[in-house]
Amino acid sequence: MIGDALHLEKELMMVNRSVPVNRRTIADYADNGDLFYSTKDGHICELDQGELDFLCSICSPTEMLRVRLPILIYSDTSGDCTSWKVEGPADISLVAKILRKSAASGEKLRFYNPDLKKLRQILEKSTFLVFSP
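Residues numbered from 1 in each chain as written. Predicted model: local features only at pLDDT ≥ 70, side-chain atom pairs only at ≥ 80, totals over all residues. Heavy atoms only, no water.

Go over the confidence of the model for the protein chain, please, and point to the residues and values.
Of the residues in the protein chain, 87% have a pLDDT of 70 or more, and the chain-wide mean is 89. Highest mean pLDDT in the protein chain belongs to strand β5 (residues 68–69) (98); lowest belongs to helix α1 (residues 2–15) (62). (pLDDT = per-residue confidence, 0-100. Helix = DSSP H or I, 4+ residues; strand = E, 2+ residues; numbered from the N terminus.)

Written out as structure tokens, the structure is:
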């Protein structure tokens, strides 16, 4: 049993080796351009100008300064079925706005596969999936 848990942790570390590092705010991308971010494993990923323009058009000034791109979407295994979550007040507010959901909890916004599909269609390059146990 313990070996299985350790094996799972090791697998998740391998899956998440491409997690973004040095994420910048929406305002920083809008002001400075340079629509790239790097990952833990050294890859350079490009953001989409159209997605950035969309985010700038719907963000409050506070969200522009607090939301970092790409937005991290975490797997959420705490419930009875697999779901996804976004954490952080500004990220929650922005994603709730896009998905037209109520952000009832201040800790996380939980959603399911149809919402993930919709969010990824709108923000394909500005979101990133992170898998957690």
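A description of the environment of leucine 99 should follow, citing residues and the corresponding values.
Inspection of the secondary structure puts leucine 99 in helix α5 (residues 89–99). C-alpha separation for the pair leucine 99 and aspartate 115, spaced 16 residues apart in sequence, amounts to 6.8 Å. Look past the residues within four positions of leucine 99 in its chain and what remains in contact with it is Phe111, Asp115, Lys118 and Leu119. (Contact = heavy atoms within 4.5 Å.)

Let's hear about unusual backbone geometry: which residues, and what values?
For the bond from leucine 69 to proline 70, the omega torsion is 0°, close enough to zero to count as cis. Inspection of the secondary structure assignment puts proline 70 in the loop between β5 and β6 (71–76). At aspartate 34, a position not held by glycine, the phi torsion is positive, near 50°. Along the chain, aspartate 34 falls in the loop between α2 (26–32) and β3 (36–39). Given a relative accessible area of 52%, aspartate 34 falls into the exposed group. Within the chain, arginine 100 stands out as a residue other than glycine whose phi angle is a positive 55°. (Buried < 20%, exposed > 50% of the residue type's maximum accessible area, 1.4 Å probe, protein only.)

How would you summarise the sheet that holds strand β9 (residues 127–130) if you had to cite specific residues and measurements?
Strand order in this open sheet of four strands is β8-β7-β6-β9, and the pairing throughout is mixed. If you trace the sheet from one side to the other, it starts and ends with β8 (108–111) and β9, each paired once. Taking each pair of neighbouring strands and ignoring which way they run, the sheet shows an average axis angle of 30°. Inspection of the sheet shows β6 paired to strand β7 (residues 83–87) by three bridges, in the antiparallel sense. Across the sheet, the residue bridging to aspartate 76 is serine 83, located in β7. The sheet strands contacting α5 are β6, β7 and β8, and the helix crosses β8 at an angle near 30°. Along the sheet, helix α6 (residues 113–122) contacts β6, β7, β8 and β9; its crossing angle with β9, the most-contacted strand, is approximately 145°. (Pairing = 2+ DSSP bridges. Axes fitted to C-alpha atoms, helices over the stretch in contact; angles between N-to-C directions.)

Requested: an account of the nonpolar core, with residues and values cited.
In this structure, Ile26, Leu69, Ile71, Leu94, Val95, Phe111 and Leu119 are the most contacted members of the largest nonpolar core, which totals 32 residues. Every element with two or more residues in this core is listed here: α2, α3 (49–58), β6, β7, α5, β8, α6 and β9. Take this core: its biggest share by element is seven residues, from α5. (Core = buried A, V, L, I, M, F, W, Y, C linked by side-chain atoms within 4.5 Å.)

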